[in-house]
Amino acid sequence: QVQLVESGGGLVQAGGSLRLSCAASGRISSYAMGWFRQAPGKEREFVSCIGGRGGRIYYADSLKGRFTISRDNAKNTVDLQMNSLKPEDTAVYYCAARKDYGLGYSASSSSYDYWGQGTQVTVSS
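Below is a short write-up of the structure. (Residues numbered from 1 in each chain as written. Predicted model: local features only at pLDDT ≥ 70, side-chain atom pairs only at ≥ 80, totals over all residues. Heavy atoms only, no water.)

## Thoughts on the nonpolar core
Right, on to step 1. In this structure, Met33, Trp35, Phe67, Leu80, Met82 and Tyr93 are the most contacted members of the largest nonpolar core, which totals 34 residues.
Right, on to step 2. Secondary structure elements with two or more residues in this core: strand S3 (18-24), strand S4 (31-38), strand S5 (45-50), strand S7 (67-72), strand S8 (77-82), strand S9 (91-99) and strand S11 (119-124).
Right, on to step 3. It is S9 that provides the largest number of residues to this core, a total of five residues. (Core = buried A, V, L, I, M, F, W, Y, C linked by side-chain atoms within 4.5 Å. Buried < 20%, exposed > 50% of the residue type's maximum accessible area, 1.4 Å probe, protein only. Helix = DSSP H or I, 4+ residues; strand = E, 2+ residues; numbered from the N terminus.)

Quick look at the structure:
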């Protein structure tokens, strides 16, 4: 079982940057990792994911060019660098993990088996 803890959230002005980090309790090299977010009153939505070996990186179309996902399997961490933040990026951001069978990717939250508690990101205008 994998336990995930997110950090790095906070309050930032529009146009600013934040770097979120997800620390896992165990080895995550065999897990594909994803970031999701949920704004108040909205459904949880896919942000980005990365394969177990660092390939197969995907982003939600609306976030391409602003967000960058990365992972360090030696440290069992996954990061999300967020630049040019907008007020509409305000949400709770969740890290998630699913076994990586080396095929494709998944933007569906139901595909992920383990979740962190989330970290709040608030972007002021």
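## Concerning the pairing of S3
Right, on to step 1. Burial along S3 is one-sided: the residues Leu18, Leu20, Cys22 and Ala24 are buried and none of Arg19, Ser21 and Ala23 is.
Right, on to step 2. Two strands pair when backbone bridges link them, and strand S1 (residues 4-7) and S3 are joined in this way by four bridges, in the antiparallel orientation. By the bridge assignment for S3, valine 5 is matched with alanine 23.
Right, on to step 3. Here six bridges tie S3 to S8, and the two strands are oriented antiparallel to one another. Counterpart to alanine 23 in the pairing with S8 is threonine 77. (Pairing = 2+ DSSP bridges.)

## Considering the sheet that holds S7
Through backbone hydrogen bonds, the strands of a sheet pair up, either in parallel or in antiparallel fashion.
Right, on to step 1. The four strands lie next to each other as S1-S3-S8-S7, forming an open sheet whose pairing is antiparallel. Two strands in the sheet have a free side with no partner beyond their single neighbour: S1 and S7. Neighbour to neighbour, the strand axes of the sheet diverge by 15 degrees on average, direction disregarded. (Axes fitted to C-alpha atoms, helices over the stretch in contact; angles between N-to-C directions.)

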